[in-house]
Amino acid sequence: MKLVALAGGTGSAKLLRGLKSEIGKFTVIANVGDNVWMHGLYVCPDIDIAMYTLAGIADTRKGWGVKGDSFRMLEQMALLRGETWFRLGDRDLAIHLLRTEMLKEGKTLTEVTVFALDALKVRQRILPVTDAPVETRILTKEGDLHLQEFWVRRRARVAVKDVVYKGAREAHPTREVASAVDEADKIVICPGNPVTSIMPILAVDGMQTLLASSKAEKIAVSPMIGSRPFSGPAGKIMRALGQGTDSVAVSKMFARLIDKIVIDESDVGMKGKIEELGVRCLATRTAMNNRSQERRLASFLIEA
Ligand code: FO1
């Protein structure tokens, strides 16, 4: 079975690790909206967390970076009174240096990612949804912030007015993304923050048309349990945008694009409302607190 997973963030990465155990090879289409320039380096958090996770070197406790990393560079940066709010680890730094150098030589983000996956012996493909710049911007009462400034620097403590995906309308999915979607038997929308991890993928011009014309079965996993996400600022942002914060709200966001949605078994009472949207609703345990739960959810999706 040719499986394609739309992914962004920590919840997605856990499911990718489950899928790796259950089917081995698959293709990840990664969010690029949270990519950020930091100290002159291009950092791609959602590509990197997927890559480190599949390479078995992710810091799963923090949910980003390389396990066992040190932060000596940052200590020195603090002495120099440079910016230290975005904590780049010493080992993690290598991919940002290499990526920036290769991009400056004229390589695309897709090519750089293929190169890094090969070096780290990752057998799954990770494709940035686009090679063009897309930035998730959070419009707040205190101005327009990059997602990382909002989430990491300001700790999501600023009132949200709106979210925009800057550059998405001018961007296009890469050729590799188009053929992966076209050839897929199953497309899984991973349990990432719907507004900051999944929508920036779907906002890229042409991406929704590609999905709609693919014959693959499309199935989403809701990241919500009750009216809260597993982690991250999804709830706060969705509330600010006037959306609900439960699996019904997530189903509404994706209804036009998916055949099925998997929700947590404790939310089985929402099934009726979700199926009224024309989406088949399956309930199972969606929390992934250990490897066996990751594998269980992955195998449920493969069978679903
Ligand atoms: N998240 C944090 O909460 N604090 C950090 O200092 C931080 C640094 C960081 C460095 C590299 C990287 O790839 C990710 C990093 N993240 C950090 C995670 C990131 O902010 C988000 O969780 C993702 O963008 C959401 O998918």
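The structure displayed is predicted, hence computed values, not measured ones.

Re the overall build of the protein
For the protein, the count of helices and strands is 13 helices and 14 strands. Computed over C-alpha atoms, the radius of gyration of the protein comes to 18 Å, within 12% of the 19 Å expected from 2.2 N^0.38 for 304 residues, which places it in the range of a compact globule. Dimensions of the protein along its principal axes, counting C-alpha atoms only, are 60 × 45 × 40 Å. The long-range share in the protein, meaning contacts at least 24 apart out of those at least 6 apart in sequence, stands at 65%. Accessible area of the protein: about 13,800 Å², with a carbon and sulfur share of 48%. Here the protein contributes 44 positive and 36 negative side-chain charges, whose respective centroids are spaced 4 Å apart.

Some remarks on the packing of helix H1 (residues 9-23) against helix H13 (residues 291-303)
Put simply, H1 and H13 touch, their axes get as near as 7 Å, and they point 70 degrees apart. Here H1 is positioned roughly perpendicular relative to H13, judged by the angle of their axes. Remark: the crossing between H1 and H13 carries right-handed chirality. Taking contact as the criterion, the partners of Lys14, Leu15, Arg17, Gly18, Leu19, Ser21, Glu22 and Ile23 in H1 are, on H13, Arg291, Glu294, Arg295, Leu297, Ala298, Ser299, Leu301 and Ile302. Looking at the contact of H1 with H13 residue by residue, the class counts come to seven nonpolar, three polar and six charged.

Some words on the nonpolar core
Grouped together as the largest cluster of nonpolar side chains are 89 residues, with contacts concentrated most on Leu15 and Leu16. No other element matches the six residues that helix H2 (residues 45-55) contributes to this core. Residue contacts for Leu15: discarding those within four places in its chain leaves Val188, Cys190, Pro191, Val221, Met288, Glu294, Leu297, Ala298 and Leu301. The next biggest cluster of nonpolar side chains, apart from the first, holds nine residues, and it includes Leu41, Trp85, Leu93 and Val152.

Re the site of the ligand
Around the ligand there are 13 residues in total, and Asp34, Asp46, Trp64, Arg87 and Gln148 lie nearest to it. Starting from 530 Å² of accessible surface for the ligand in isolation, the protein chains cover 88%. Counting only elements with at least two residues in the shell around the ligand, the list comes to H2 and helix H6 (147-153). Taken together, the residues of the shell around the ligand sort by class into seven nonpolar, two polar and four charged.

Focus: the sheet that holds strand E10 (residues 217-221)
One open sheet holds the seven strands; their spatial order is E5-E2-E1-E9-E10-E13-E14, and the pairing between them is parallel. Taken across any chain shown, the strands that pair with only one partner, and hence form the sheet edges, are strand E5 (125-128) and strand E14 (280-284). On average, each strand axis in the sheet is tilted by 25 degrees relative to the strand beside it, whichever way the strands run. Direction of pairing for strand E9 (residues 186-189) relative to E10: parallel, over a ladder of four bridges. Residue pairing for E10: Ile189 is matched across the bridge by Ala220. On top of the sheet, H1 reaches strand E1 (3-7), strand E2 (27-30), E9 and E10; it is set at about 165 degrees to E1, its chief contact.

Concerning the sheet that holds strand E6 (residues 135-140)
Sheet strands pair by backbone hydrogen bonding; their relative direction is either parallel or antiparallel. Pairing is antiparallel across the open sheet formed by three strands, whose spatial order is E7-E6-E8. The outermost strands of the open sheet, each flanked by one partner alone, are strand E7 (143-146) and strand E8 (160-166). Direction aside, neighbouring strands of the sheet carry axes that sit 25 degrees apart on average. In this structure, E6 lies alongside E7, joined through four bridges in antiparallel fashion. Looking at the pairing, Ile138 lines up with Leu145 of E7. Sheet strands touched by helix H8 (residues 194-202): E6 and E8. Its angle to E8, the strand with the most contacts, is close to 30 degrees.

Notes on the environment of Glu183
Mapped onto the fold, Glu183 is located in helix H7 (residues 175-183). A residue is classified by how much of its surface remains accessible, and Glu183, at 45% relative accessible area, is partly exposed. In sequence terms Glu183 and Lys215 are 32 residues apart; their C-alpha atoms lie 8.2 Å from each other.

Cut-offs applied
- Residues numbered from 1 in each chain as written.
- Predicted model: local features only at pLDDT ≥ 70, side-chain atom pairs only at ≥ 80, totals over all residues.
- Heavy atoms only, no water.
- Helix = DSSP H or I, 4+ residues; strand = E, 2+ residues; numbered from the N terminus.
- Rg over C-alpha atoms; globule rule 2.2 N^0.38 Å.
- Contact = heavy atoms within 4.5 Å.
- Areas by Shrake-Rupley, 256 points an atom, 1.4 Å probe, with all protein chains shown as cover.
- Lys, Arg positive; Asp, Glu negative; His and termini not counted.
- Charge placed at Lys NZ, Arg CZ, Asp CG, Glu CD.
- Axes fitted to C-alpha atoms, helices over the stretch in contact; angles between N-to-C directions.
- Parallel < 35°, antiparallel > 145°, perpendicular 65-115°, else oblique.
- Left-handed = near helix turned anticlockwise from the far one by under 90°.
- Nonpolar A, V, L, I, M, F, W, Y, C, P; charged D, E, K, R; others polar.
- Core = buried A, V, L, I, M, F, W, Y, C linked by side-chain atoms within 4.5 Å.
- Buried < 20%, exposed > 50% of the residue type's maximum accessible area, 1.4 Å probe, protein only.
- Near = heavy atom within 4 Å.
- Pairing = 2+ DSSP bridges.

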